[in-house]
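The residues making up each chain are set out below.
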Amino acid sequence: MSRANRISGGLINQRETIGFKFNGKRLEGHPGDTLASALLANCRKLVGRSFKYHRPRGILSAGSEEPNALVSLRSGAYREPNTRASVVELFEGLEASSQNHHGSLERDLMAVTDLLSPFLSAGFYYKTFMWPRSLWEKLYEPFIRNSAGLGKLSLDRDPDCYDKGFLHCDVLIIGAGPAGLAGALAAGQAGARVILADEDFRMGGRLNAETHEVGGAPGRIWTGVALGELNELENVRVMPRTTVYGAFDHGIYGALERRTDHQSPSSFPRHVLWRIYAKRAVLCAGATERLIAFGDNDRPGIMLAGAVRAYANRWGVAAGKNIAVFTNNDDGWRTATDLAAKGVEVTAVIDTRTEVAFKPPDGARAVTGGRVTKTHGRHGVRSLTLSDGQVIPADCLAVSGGWNPNVQLACHLGERPEWRSDIAAFVPGRNVPAGLSVAGAASGALTLAKALQQGHELAKIAAGDLGFDGSTGTVPAAEDERCDITAFWRVRESRHRAWIDLQNDVTVKDVELAHREGYKSVEHLKRYTTLGMGTDQGRTASVLGHAIMAELTSKTIEETGTTVFRPPFTPVPIGAFAGRSRGKDFRPVRHPPSHRWARENDAVFVEAGMWLRVHWFPRPGEGNWRQTVDREVAQTRASVGVCDVTTLGKIDIQGRDTAEFVNKIYANGFAKLAIGKVRYGLMLREDGIAMDDGTTARLAESHFVMTTTTANAVNVFRHMEFCKQCLWPELDVHLISVTEQYAQFSVAGPNSRRLLQKIVDSELDISNEAFPFMACGEITVCGGKLARLFRISFSGELAYEIAVPARYGDSMFRKLMAAGEEFDVVAYGTEALRVMRIEKGHAAGNELCGQISARDLGMGRMVSKKKDCIGNTLSERPALNRDDGLALVGFKPVDITDQFRAGAHLISLGRAATTENDEGWLSSVAFSPSMGHTIGIGFIKRGQERIGEIVHAVDLLNNTEVKVEVVSPHFVDPKGERLRG
């Protein structure tokens, strides 16, 4: 059966056999086959069912424009629906199945909808299922949901992996047909960095499917020579199986490379989604053939003439035993000639034109001025009837209504194509995206010599614009074949349904109905009838539908126009867009430098932003986490503790105008910050709301290092880049994130200085007098290793932060712990850090929640009015400065045995717990081992005036109500004597 429809020739290896399955039955093909060509070779005409009416459908085309032959590949978790059989590369063990049918493919129970077609015309879903309303959920919706859709997903986790990548080139050549190959040779020989991308697994475009000669040799031979030369050029990257699916701003193109679709499932990335940055691009995407609308033109066996020719010349497959051709242009005659040369019987050539310059093959009838009015057959065409009553036997009808240049990428940035009557098609408009030029059939040059010439010239110009020498290389010799066409869209004599969009079952009558009901705009027509809304995006149907609408409105096609093309050019799997960002890789976890030591010491971890940080370090005998955290806090306050704070955002800022820039970014002043000093800074959003806080150290006249909160590190860096590039581009400032470049550790507690003196090289004096609170400097540690030291504290204790290059992070943490053994040092995690932060009353993530102003935080005076800064003006809005506004204060329980939680709302005594009486909330709550009871900080109206007042902390979710006293947020060392000691 593998040779039932095989003929000689082609670019496949007929000496080797490949086994595959279709609908569970084993069939055979050959290396170089597509699934579509192998199915045709095995006489499989019926391959699927249409979307709406479940009409029998066969293979229509030989490329990515295929609307009919949508199949599901593989099985189980690997199942992939809605794959076009015409682009599936055959391999041993491939499993494919038809879809969109209930019961078998041949006996689809849902075919009954075809009998109901008079009631299911265009827009029926807008007009039906409205009454009675009670039946919508019980009957209509379940029926529609069960019937809708094409293929079915497995619903299992996708076992394939996907990847993403970035590529840069001088010239991107999109399409490897004759224009693309000529262009790649011209730009590559000029010395430009070239990427040649083509969606097919065999490059060469139509040269693989034609009998043309290039440079005196068959086109496929010239293709092989050209590709060999390109592969030898180091500056050229050849990318088969790669579809450039979208053109975007600034010379960026999206491309999908199918790495392993032609193999059995493997651990290698199946698809790679490339973002290509091209200084210039040449679009050589070719053209797509279209149908003619006539009665019952959707039967299996009715195909595009160019596809029939391609299957014969490239794949060695005859699409039928006796083939008829229906055409309005010279290209249809080329199909008849090539088929006859291959020994395939051509029964007739029906041309809508009255005068033609071709003779039919021997034994074939030539019918000029002819029309096909209807076809016969159910699961495959058997014969066709002409307008004069003739019945032509044919098990395949090759139809050519002309060729549409593939202009989609040239229109992705909003440019509309223009109509050219000489080729009866749309071509790219005059305002294509900057840096992009269009060559070959995509530009409307539908002949070989013109395509080669355009590809060569435009690529040479693109390379020349970039300074490369384009004088080398010549255009290969070729002839321009005849390509005359007389536009012909539909057979008016036909009384049977004439199909336009085969996938969505859109007929001429649907377009006529849309016209009658006022949906005359091409955009309205598309949405009302679903014309061009399938996986093929109307590549074989849209122009035909628009032309018929133009006839109905008595307008020209140019006046009628065409729809806007948007990415993607062909379907892109969602998995490819996700890449590796799935499962654990959906949110990659970063490990701080002390992670290995922490794991060795049985740490419990917690996600913090994109980091996996230590939550606490349990010890034997500790019954719960509270005991562990209480111990870590108590040991730190009693002696010394070490915490890894590498995760804090660290931004290195340098340049002549760095001080001015930081001064504008922060609300408080930084212009006069002394070298060797650190200052706490508050950053506002443009609307005056607090965005982030942190410390910034001045290491030199034009060198600052800023720290941010862990969660806001990326947002702050982006904000600063926006300010630098857009608000103050004149400032000499350079930013770089160094969060991962430095390991940073907090050393806190009364013995922190004594511990560091064992680490810091002896020539540096870190006494209180020489290195006071808020000092900083570049130092050396452990015998000359460069480091940075900052005397800052968020725990309320004498504390430092020491930073070393990340490669020393693990050894530095171990060194600190070893040096601190004599002081009973303790490693503490984020929970102990949080407890000490609350005890000291420091605002953090819970307080910087996106709705709090500097005044609410008690930092209103930090917003300097002596300078301009981001958010300064809008922070003065009356609503942010009300006398009864919120204020950050502390809270403790009246009964110290009571506990309360963050999120509880604050209600005055004697008032009901309602929204109208809500006066604030608790933002951060913890048990304080220093105080011996639960404490919290939060916001309440007129907070500073209410110190000493008793209010209710109401938590309706947990059904608790606790009396709490409003106190100062500084529970431990309110005067700050410890941290300055």
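Note: the structure precedes this text.
Report follows, based on the coordinates. (Residues numbered from 1 in each chain as written. Predicted model: local features only at pLDDT ≥ 70, side-chain atom pairs only at ≥ 80, totals over all residues. Heavy atoms only, no water.)

A look at the overall build of the chain
Within the chain, the regular secondary structure consists of 21 helices and 49 strands. If one aligns the C-alpha atoms of the chain with their principal axes, the spans along those axes are about 110 × 75 × 55 Å. The 981 residues of the chain split such that 57% are buried. Pairs at least 24 apart in sequence give 66% of the contacts found in the chain among residues at least 6 apart. With the model as given, the accessible surface of the chain reaches about 41,200 Å², and the carbon-plus-sulfur share is 51%. Considering the chain, the positive charge centre built from 118 side chains and the negative charge centre built from 114 side chains are found 3 Å apart. (Helix = DSSP H or I, 4+ residues; strand = E, 2+ residues; numbered from the N terminus. Buried < 20%, exposed > 50% of the residue type's maximum accessible area, 1.4 Å probe, protein only. Contact = heavy atoms within 4.5 Å. Areas by Shrake-Rupley, 256 points an atom, 1.4 Å probe, with all protein chains shown as cover. Lys, Arg positive; Asp, Glu negative; His and termini not counted. Charge placed at Lys NZ, Arg CZ, Asp CG, Glu CD.)

A closer look at the pairing of strand S7 (residues 94–97)
Summarising the sheet, strand S1 (residues 18–22) and S7 pair through 3 bridges and their orientation is parallel. Residue pairing for S7: Phe-20 is matched across the bridge by Leu-94. Summarising the sheet, strand S5 (residues 70–73) and S7 pair through 2 bridges and their orientation is antiparallel. Bridge pairing in S7 links Leu-73 to Ala-96. (Pairing = 2+ DSSP bridges.)

Notes on the environment of Leu-452
Mapped onto the elements of the fold, Leu-452 is located in helix H9 (residues 448–465). Classification of Leu-452 as buried rests on a relative accessible area of 0%.

A short note on the packing of helix H4 (residues 178–190) against H9
One can describe the packing of H4 onto H9 by two numbers: an axis separation of 7 Å at closest approach and a directional angle of 30 degrees. Taken together, the axes of H4 and H9 lie roughly parallel to each other. Considering how the two elements wind past one another, H4 and H9 form a crossing that is right-handed. Contact with H4, carried on its side by Pro-178, Ala-179, Ala-182, Gly-183, Ala-186, Ala-187 and Ala-190, involves Leu-448, Ala-451, Leu-452, Gly-455, His-456, Ala-459, Lys-460 and Ala-463 of H9 and no other residues of that element. Among the residues forming the contact of H4 with H9, the class breakdown is 11 nonpolar, 3 polar and 1 charged. (Axes fitted to C-alpha atoms, helices over the stretch in contact; angles between N-to-C directions. Parallel < 35°, antiparallel > 145°, perpendicular 65-115°, else oblique. Left-handed = near helix turned anticlockwise from the far one by under 90°. Nonpolar A, V, L, I, M, F, W, Y, C, P; charged D, E, K, R; others polar.)

Examining the sheet that holds strand S35 (residues 677–684)
Here 5 strands make up an open sheet; going across it, the order is S35-S36-S37-S34-S38 and the pairing antiparallel. Each having just a single partner strand, S35 and strand S38 (734–737) make up the two edges of the open sheet. Neighbour-to-neighbour, the strand axes of the sheet open up by a mean angle of 25 degrees, direction not taken into account. The sheet contact formed by S35 and strand S36 (residues 690–700) spans 8 bridges and is antiparallel. Counted as the bridge partner of Tyr-680 is Thr-695 from S36. Here helix H17 (residues 658–665) sits on the sheet in contact with strand S34 (649–654), S35, S36, strand S37 (703–708) and S38, set at roughly 135 degrees to S34. Contacts from helix H18 (residues 713–727) reach S34, S35, S36, S37 and S38 within the one sheet, and its direction differs from that of S38 by about 165 degrees.

Re the sheet that holds strand S24 (residues 396–400)
Pairing within the open sheet is parallel, and its 5 strands lie in the order S17-S24-S18-S19-S20. For this open sheet the edge positions go to strand S17 (302–304) and strand S20 (365–368), each flanked by a neighbour on one side alone. Sheet twist, expressed as the mean angle between neighbouring strand axes with direction ignored, is 20 degrees. The pairing of strand S19 (residues 345–351) with S20 spans 4 bridges and is classified as parallel.

Topic: a nonpolar patch on the surface
A grouping of Val-112, Leu-115, Leu-116 and Phe-119 is seen on the molecular surface, where their side chains present a nonpolar patch of about 440 Å² in accessible area. For Phe-119, a relative accessible area of 61% gives the class exposed. (Patch = residues over 30% accessible without salt bridge, like charges linked within 9 Å, V, L, I, M, F, W, Y side chains within 5 Å. Salt bridge = Lys/Arg side-chain N within 4 Å of Asp/Glu carboxyl O.)

Overview of the packing of helix H6 (residues 305–313) against helix H7 (residues 330–341)
Packed helix pairs are characterised by how far apart their axes lie and by the angle those axes make with each other. As a packed pair, H6 and H7 sit with axes 9 Å apart at the nearest point and diverge in direction by 25 degrees. Taken together, the axis directions place H6 and H7 in an arrangement best described as roughly parallel. At the point where H6 passes H7, the crossing takes the left-handed sense. For the pair H6 and H7, the contacting residues are Ala-305, Gly-306, Val-308, Arg-309, Ala-312 and Asn-313 in the first and Asp-331, Arg-334, Thr-335, Asp-338 and Leu-339 in the second. Split by residue class, the contact of H6 with H7 holds 4 nonpolar, 3 polar and 4 charged.

Topic: the environment of Val-282
Here Val-282 is to be found in strand S15 (residues 271–283). Filtering out sequence-adjacent residues up to four positions away, Val-282 remains in contact with Val-171, Leu-172, Ile-173, Ile-174, Leu-436, Ser-437, Ala-439, Leu-458 and Ala-459.

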